[in-house]
Amino acid sequence: MPAYDNYEPNIEALLDLPFREGVGTVTHDVARPHHPVALLNTPTWAWLASGLGAMAFNGTNEHLRSLGADTADLDFADGDYSIGLWFYDDSGCGDDSEELINRFLLNNNGWELYLYTNQILTLRHHHAAGATTRTACYSEGWAPDVWNCVGISRSGATAQFYRNGEPVDTTCSVGGMIDPEGCAANLYVASQGAGNWFGGQMWRPRVWNRALSADEWRLLYRRERRWFP
């Protein structure tokens, strides 16, 4: 069997959760760090008509967690990184501000990716000192009640968002995204640990220790879109 990172888009992947198990209270990170990830409050294993396994969250208390001590390699500072996932935001449940994936302490340190009012997707850095406590880049038009493939490549003071393999208009804070301060918080998927609940389905949240190229995002989408309605 070919090595995981012989496939070019997997190079330097730090987290990859394809939700293959279909049952139980843990899911396995298939990227080389193999972070332990727990399912909290029993999110539902979901199956698409194509046979693909996904995870469904009720928008009230269900989420995933990997402890801060186990995810120190996801404590990004001045280096480039990327985040990708497929999500189906259910407009009938969840909070106005829904966390997709994050590792942060509000207005202090770390990073977060969240969806606001079912359409605005924001990557935000948190800061303990300086002129501001938060800097961000965002894009609009992320429709609810459909599957969206999101990719984000952060490089220096900017980030580029991709929807379904193609770049979309991305707006960044004046002065750009400041590097986040060092963070020891837990990694969460579908909440920030005690709120901002995501309601809907998700597949394969991934994080890389580099900025993926436009060609790589396009390749990932074209290889994976056949699974989705």
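Structure first, text after, so check above.
This section reports on the structure supplied with the text.

Criteria and thresholds
- Within each chain, residues carry numbers counting from 1 in the order of the written sequence.
- Local features in a predicted model are, by the rule used here, given only for residues with pLDDT of at least 70; side-chain atom pairs are given and counted only at 80 or more, and totals for whole chains, interfaces and linings are based on all residues.
- Side-chain measures here rest on the full set of heavy atoms in the structure, leaving out hydrogens and waters.
- The helix and strand labels rest on DSSP assignments: H or I over at least four residues marks a helix, E over at least two residues marks a strand, and numbering proceeds from the N terminus.
- Within these notes, the globule rule equals 2.2 Å times the number of residues to the 0.38 power, and the radius of gyration is based on C-alpha atoms.
- Exposure categories follow from relative accessible area, calculated using a 1.4 Å probe and restricted to protein chains: below 20% of the type maximum is buried, above 50% is exposed, and the middle band is partly exposed.
- Whether two residues are in contact is decided by their heavy atoms, any of which lying within 4.5 Å being enough.
- Exposure was quantified through the Shrake-Rupley algorithm and a 1.4 Å probe, taking into account, for residues, occlusion by the shown protein chains and nothing else.
- Charge assignment: positive for Lys and Arg, negative for Asp and Glu; neither His nor the chain ends contribute.
- The atoms used to mark charge sites are NZ of Lys, CZ of Arg, CG of Asp and CD of Glu.
- Two strands pair if DSSP finds at least two bridges between them.
- Planes of paired rings set the category: under 30 degrees apart is stacked, over 60 is edge-to-face and the rest tilted, where pairs are Phe, Tyr or Trp rings (Trp by its six-membered ring) whose centres lie within 6.5 Å.

Each helix and strand in the chain was counted, giving one helix and 17 strands. Expected size for 229 residues packed as a compact globule is a radius of gyration near 17 Å; at 16 Å, the chain falls within 12% of this value. In terms of overall dimensions, the chain has a C-alpha envelope of 50 × 35 × 35 Å along the principal axes. Going through the 229 residues of the chain one by one, you find that 52% of them count as buried. At a minimum sequence separation of 6, the contacts of the chain that also span at least 24 residues come to 63%. For the chain, the exposed area adds up to about 9,800 Å²; of that, 50% sits on carbon and sulfur atoms. Between the averaged position of the 16 positive side-chain charges in the chain and that of its 28 negative side-chain charges there is a distance of 6 Å.

A separate point is the environment of proline 180. With respect to the helices and strands, proline 180 occurs in the loop between strand 15 (171-172) and strand 16 (187-189). By relative accessible area, proline 180 is classed as buried at 4%. Taking the C-alpha atoms as reference, proline 180 lies 8.8 Å from arginine 134; in sequence the two are 46 residues apart. Apart from the residues lying within four places of it in its own chain, the contact partners of proline 180 are Phe76, Ala77, Gly110, His125, His126 and His127.

On to the sheet that holds strand 2 (residues 26-28), then. Ordered by their spatial adjacency, nine strands build an open sheet running 2-3-6-16-8-9-10-11-15, and the pairing between neighbours is antiparallel. Across the chains shown, the open sheet's two edge strands, defined by having one partner strand only, are strand 2 and strand 15. Bridge analysis of strand 10 (residues 120-126) against strand 11 (residues 134-139) gives six bridges, and the strand direction is antiparallel. Of the residues in strand 11, the one forming a bridge with histidine 126 is arginine 134.

Looking now at the side chain of serine 97. On the secondary structure map, serine 97 appears in strand 8 (residues 97-105). Of the residues examined, serine 97 reaches a relative accessible area of 18% and is grouped as buried. Those residues within four positions of serine 97 in sequence are excluded, and the remaining contacts are Tyr114, Leu115, Tyr116, Asn196 and Trp197.

This part takes up unusual backbone geometry. A positive phi angle, near 50 degrees, is found at threonine 42, a position not held by glycine. Turning to its location among the elements, threonine 42 is positioned in the loop between strand 3 (36-40) and strand 4 (44-47). A positive phi is found at asparagine 196, a non-glycine position, where the angle reads about 50 degrees.

All right, on to the environment of glutamate 62 then. Following the sequence through the fold, glutamate 62 ends up in the loop between strand 5 (53-58) and strand 6 (63-66). On the accessibility criterion, glutamate 62 (9% relative accessible area) is buried. Separated by 20 residues in the primary sequence, glutamate 62 and threonine 42 place their C-alpha atoms 6.3 Å from one another. Not counting chain neighbours up to four residues away, the residues in contact with glutamate 62 comprise Leu40, Asn41, Thr42, Pro43, Thr44, Ala56, Phe57, Ala190 and Trp197.

Right, let's get into the packing of aromatic side chains. For the structure on display, the rule yields 14 aromatic pairs. A ring pair is formed by tryptophan 86 and tyrosine 221, whose centres lie 5.7 Å apart and whose planes are at 20 degrees; its orientation type is stacked. Of this pair, tryptophan 86 sits in strand 7 (residues 81-89) while tyrosine 221 sits in helix 1 (residues 214-224); the two residues are 135 residues apart in sequence, bridging distant segments of the chain. With relative accessibility at 3%, the residue tryptophan 86 sits in the buried group. Here phenylalanine 87 and phenylalanine 198 contribute two aromatic rings whose centre-to-centre distance is 6.5 Å and whose plane-to-plane angle is 80 degrees, an arrangement assigned as edge-to-face. Of this pair, phenylalanine 87 sits in strand 7 while phenylalanine 198 sits in the loop between strand 16 and strand 17 (199-208), placing them 111 residues apart in sequence. Taken as a pair, phenylalanine 87 and phenylalanine 198 share a single burial class, namely buried. Aromatic ring contacts, followed pair by pair, group Trp86, Tyr88, Trp147, Trp203, Tyr221 and Phe228 into a single cluster.

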